[in-house]
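So the chains spell out like this:
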Amino acid sequence: MKFLKRLFRNAKNGESVFLKKTIAALTAGMLAFSLASCSNSESSSAAGGNYITARGSEPQNPLLPANTNEVGGGNIVDLIYSGLVYYDADGKIQNEMAESIDLEGDKTYKVTLKDGISFSDGSPITSESFVKAWNKAVEESMLSAYFFEPILGYKEGGSSMEGLKIIDDKTFTIELAQPEADFPTRLGYSAFFPMHESAYDDLNAYGENPIGNGPYKLAEWNHNKDATIVPNEEYDGVRTPKNDGVQFVFYAQNDAAYSDLLAGNLDITDAIPDSAFSTFENELGDRAVNQPAAIFQSFTIPESLPHFKGEEGNLRRQALSYAINREEITSTIFGGTRTPATDFTSPVIPGHSDSLAGAEVLTYNPEKAKELWEKADKISPFEGSVKISYNADGGHQAWVDAVANSIRNTLGVEAVGDPYPDFKSLRDEITNRTITSAFRTGWQADYPSLGNFLGPLYATGGGSNDGDYSNPEFDKLLKQAAGAPDPESANVFYNQAQELLLKDLPAIPLWYANVTGGYSENVDNVVFSWKSVPVYDQITKK
């Protein structure tokens, strides 16, 4: 979950960089909340008037589990659906819809569902609910179809995978093409959630008003304003809500959300403005959150862009990476709430290494940057500018401008930020491959594995491979990692794969993010999970 898986997560992803708070910003924030409140009188009634208000963003797509790979939609999907397993606040796997998942032989898993589980309309959840949803995700080439690749018979666009066999209503088997050490770890990700039978009549219509099986159900979705979820009385799992519901308020600017939080008009935010990095812990006291999270940030340069193909492109990617002063930017812009990247994953993930061969390309070295850029110019003189696109509603302007300035001052080329009004408009151009510039990217882990940061983003055909990177040697190492006998052995191959990425730089790693957030005096029992998401079902209203 992608998202971030997101991304992003990450995509499934996002960071917060904001303008100084002013009276105008405060007024805008109060207005945004006022409008959201006015438009949700029905939500208030549905949630008993005692729901949690949380910062959110407009989902990119209808709420289909396997077609949601960004944080705005992912936060909602993860609450209105449930999988065979789920990840607790510490990232540990717990059974949810599954009674058991047993390995039979070396590559077949037998899944037994719990008794009495049902969708929010009371209809039973059966083996077919999972198998049909997974096959449909692959048939429709949904954004997360890649996650099913290990299953025997996977072929994107195919109508069914032969590795999925229904035994009876409570039992089905999953046969893989080869043994994979971390496959069971994936099963809590949203791509593997079931769907209600009504989904197949009209997928988009169903995604607008889904019938899920999670601890909550969707009560109302006012596009570009808010979405309200309320407890699902049919849910019989371990994530029973401790509140009357959650209203996600979609803010155009995250500084407005922080202003509302300080004013007591918003209960929880998972983003702190850069202008408040030095003050938010004093302003919020023990209600401030600042902890390591499984979030990686980068920007991607599509190989389709002029001057970024072949040997010339490789030289320019390396030059750009050497030209970025990550230490200065994370200190000045982020107040130490970011850590310069040493790889493509996250330090909180088991197996992470800060000493990979080739990692020096992520250090600031202006002399090396100029040398490589000049070599590239001998192949083909650079024309135009280096543009980095970003969504203005995510608070990215300050760091994008800082990165562009670092590139401009080091290489003497024009480098600028290119803002899009919102996340959806940026992602739509990326997804449709109509974007004509570099663009901000990142990943918020779906499950605690190095492979989750690598396969979806850089494997050939990966669902979040936004730069269309393809390296057969890299793909081979991923396959070797997947077939390793245990996660520790797999990590050796994953880190070898990363050393290839450090040479090719399909994305330019920037930094790892702490989760920085906070909550109001109106709520208790606020915990942020291992992947930086509030554990919404446990939050209580005072």
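All of these numbers come straight from a predicted model, not from anything done at the bench.

Description of the confidence of the model for the protein
- Considering every residue of the protein, the mean pLDDT works out to 89; 91% of them sit at 70 or more.
- The low-confidence segment residues 1-48, where pLDDT is below 50, has 191 contacts with residues more than four positions distant or belonging to other chains.

Quick notes on the packing of aromatic side chains
- In the structure shown here, the tally under the stated rule is 21 aromatic pairs.
- Between the aromatic rings of Tyr-81 and Phe-193, the centroid separation amounts to 6.2 Å while the plane-to-plane angle is 25°, which identifies the pairing as stacked. Taken together, the residues Tyr-81 in the loop between helix H3 (71-80) and strand S2 (85-87) and Phe-193 in the loop between helix H5 (183-186) and helix H6 (203-208) connect sequence positions 112 residues apart. Here Tyr-81 and Phe-193 have matching classes, each one buried.
- Plain terms: the ring middles of Phe-130 and Trp-134 are 6.2 Å apart, the flat faces sit at 80° to each other, and that makes the pair edge-to-face. You can see Phe-130 and its partner Trp-134 sitting in helix H4 (residues 127-139), four residues apart, about one turn around the helix. Across the pair, Trp-134 and Phe-130 agree in class, each one buried.
- These aromatic residues form a ring-pair network of at least three members: Tyr-109, Phe-130, Trp-134, Phe-148, Phe-172, Phe-183 and Phe-192.

A closer look at the packing of helix H9 (residues 310-322) against helix H11 (residues 366-379)
- One way to put it is that H9 packs onto H11 with a least axis distance of 8 Å and a crossing angle of 160°. Classed by the angle they form, the pair H9 and H11 counts as roughly antiparallel. Relative to H11, H9 is oriented so that their crossing is left-handed. Counted together, Glu-311, Glu-312, Leu-315, Arg-316, Gln-318, Ala-319, Leu-320 and Tyr-322 of H9 and Pro-366, Lys-368, Ala-369, Leu-372, Trp-373, Lys-375, Ala-376, Asp-377 and Ile-379 of H11 form the full contact between these two elements.
- Among the residues making up the contact of H9 with H11, the classes are represented as 10 nonpolar, one polar and six charged.

A word on the pairing of strand S6 (residues 164-168)
- Note: S6 against strand S7 (residues 171-175), four bridges, orientation antiparallel. Directly across from Leu-164, in S7, lies its bridge partner Ile-174.
- Taking the residues between adjacent antiparallel strands as the criterion, S6 and S7 are bridged by two residues.

Focus: the UniProt feature "domain: Solute-binding protein family" (unreviewed entry) in the protein
- The UniProt record marks residues 92-464 with the feature "domain: Solute-binding protein family" (unreviewed entry), using the residue numbering of this structure.
- What you have in residues 92-464 is 28% helix and 22% strand, and the ends, taken at the C-alpha atoms, are 24 Å apart.

Concerning the pattern of salt bridges
- Under the defined criterion, the tally for this structure stands at 20 salt bridges.
- For Arg-186, the salt bridge is made with Glu-180, and the minimal N-O distance between the two is 3.6 Å.
- A relative accessible area of 9% means that Glu-180 is categorised as buried.
- The salt bridge partner of Arg-316 is Asp-377, with a shortest N-O separation of 2.9 Å. One end of the pair, Arg-316, is in helix H9; the other, Asp-377, is in helix H11, and 61 residues separate them in sequence.
- Where salt bridges share partners, they join Lys-136, Glu-139 and Glu-140 into one cluster.

What counts, and at which threshold
Per chain, the residues get numbers from 1 upward, laid out in the order the sequence is written. Owing to the predicted nature of the model, reporting of local features is limited to residues with pLDDT of at least 70; listing and counting of side-chain atom pairs is limited to 80 or more, with chain, interface and lining totals taken over all residues. Computation of side-chain values: all heavy atoms of the structure, hydrogens and water removed. Every residue is assigned a pLDDT by the predictor, reflecting its confidence on a scale from 0 to 100. Note on contacts: a residue pair qualifies if any of its non-hydrogen atoms lie within 4.5 Å across the two residues. Working definition: a ring pair exists when centres of Phe, Tyr or Trp rings (six-membered ring for Trp) sit within 6.5 Å. Plane angles under 30 degrees give stacked, over 60 give edge-to-face, the rest tilted. Counting from the N terminus, the helices are DSSP H or I runs at least four residues long and the strands are E runs at least two residues long. Think of it in three bands: residues with accessible area under 20% of the maximum for their type are buried, residues over 50% are exposed, and the middle band is partly exposed, with areas taken using a 1.4 Å probe on protein chains only. Lines fitted to the C-alpha atoms define the axes, with helices restricted to the stretch that makes contact. Angles between their N-to-C directions range from 0 to 180 degrees. Any angle between 65 and 115 degrees counts as roughly perpendicular, while under 35 counts as roughly parallel, over 145 as roughly antiparallel, and the rest as oblique. The hand of a helix crossing depends on one turn: near helix anticlockwise from the far one by less than a right angle means left-handed, and clockwise means right-handed. Each residue is assigned to one of three groups, with Ala, Val, Leu, Ile, Met, Phe, Trp, Tyr, Cys and Pro labelled nonpolar, Asp, Glu, Lys and Arg labelled charged, and all others, Gly among them, labelled polar. Note on pairing: two strands pair once DSSP finds at least 2 bridges between them. UniProt positions are given in the numbering used here, feature names are shortened, and annotations may be inferred rather than shown by experiment. Throughout this description, the term salt bridge denotes a Lys or Arg side-chain nitrogen within 4 Å of a carboxyl oxygen of Asp or Glu.

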